[in-house]
Amino acid sequence: MALQGPIPVTFAQLFPHGCYIVGDVEPVKDFDASTNGRFVQTRDKQTRELVWQVPVLDADPEVKPAQKTVSVKILSSVQPVPPAPMPGLPITPVEFGEIAVVAYVNAAGRLAWSIKVRQMYAPRSMAGVGKPVPNMKENVS
């Protein structure tokens, strides 16, 4: 099979309505290497970069409430700093770059996706937030 490992995607494909930070950027614990009282941070298997995570709220109105918040893993040698909050907004809009998704089977036996990124930044323009990306099928001739 030609597809192996992480699958590159764009921010617009993953979050066509935008997304918002709803928690802190935290290190991901390596449960195998950590011991009682000794925390070891996970490193990405391919790049060996440290892995951080941040919870985000998917702004897509059609996403089920139980699936609205997802964890985005950030590969970085230093702790990433979220963009500054925007005046008048109770949550912070964010965009990600160099995104890849990895499929896995979760504990319930269902297909799930792990989101890995290399960049986190403030949206380039609030004009595009909330506007869906055209359906790819509509663009096929």
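Residues numbered from 1 in each chain as written. Predicted model: local features only at pLDDT ≥ 70, side-chain atom pairs only at ≥ 80, totals over all residues. Heavy atoms only, no water.

### Some details on the pattern of salt bridges
As a reminder of what qualifies: Criterion for a salt bridge: a side-chain nitrogen of Lys or Arg within 4 Å of a carboxyl oxygen of Asp or Glu. Put simply, DSSP marks the helices as runs of H or I at least four residues long and the strands as runs of E at least two long, and each gets a number from the N terminus on.
All chains considered together, the criterion is met by four salt bridges. In this structure, the salt-bridge partner of Arg124 is Glu95, at a minimum N-O distance of 3.9 Å. Of this pair, Arg124 sits in the segment after β9 (119-121) while Glu95 sits in strand β6 (residues 92-97), and the two are 29 residues apart along the sequence. A salt bridge links Glu98 to Arg118; the shortest N-O distance between them is 3.9 Å.

### Comments concerning the layout of surface pockets
Rule in force here: Using only the protein atoms, space was sampled on a 1 Å grid; points where a 1.4 Å probe fits but cannot get out form cavities, open sets with protein on both sides within 12 Å along at least five of seven lines form pockets, and lining residues are those with an atom within 4 Å of a point. Grid points are joined across faces, edges and corners, and a volume is the space filled by probe spheres set on the points. As a working rule, the residues Ala, Val, Leu, Ile, Met, Phe, Trp, Tyr, Cys and Pro are called nonpolar, Asp, Glu, Lys and Arg charged, and the rest polar, with Gly in that last group.
If you add up the space inside the largest pocket, you get close to 640 Å³. The wall of the largest pocket is formed by 23 residues, among which Gln67, Val70, Ala112, Trp113 and Ile115 lie closest to the centre. Breaking the lining of the largest pocket down by element, the ones donating at least two residues are α1 (11-14), β5 (69-75), β7 (99-105) and β8 (111-117). Looking at which element gives the most residues to the lining of the largest pocket, the answer is β8, with five residues. Looking at the lining of the largest pocket residue by residue, the classes come out as 13 nonpolar, six polar and four charged. The space that makes up the second largest pocket amounts to roughly 470 Å³. Taken together, 18 residues form the lining of the second largest pocket, with Thr42, Lys45, Lys73, Ser114 and Lys116 sitting closest to its centre. Of all the elements in the fold, those that place two or more residues in the lining of the second largest pocket are β7 and β8. For the lining of the second largest pocket, a count of residues per class yields six nonpolar, four polar and eight charged.

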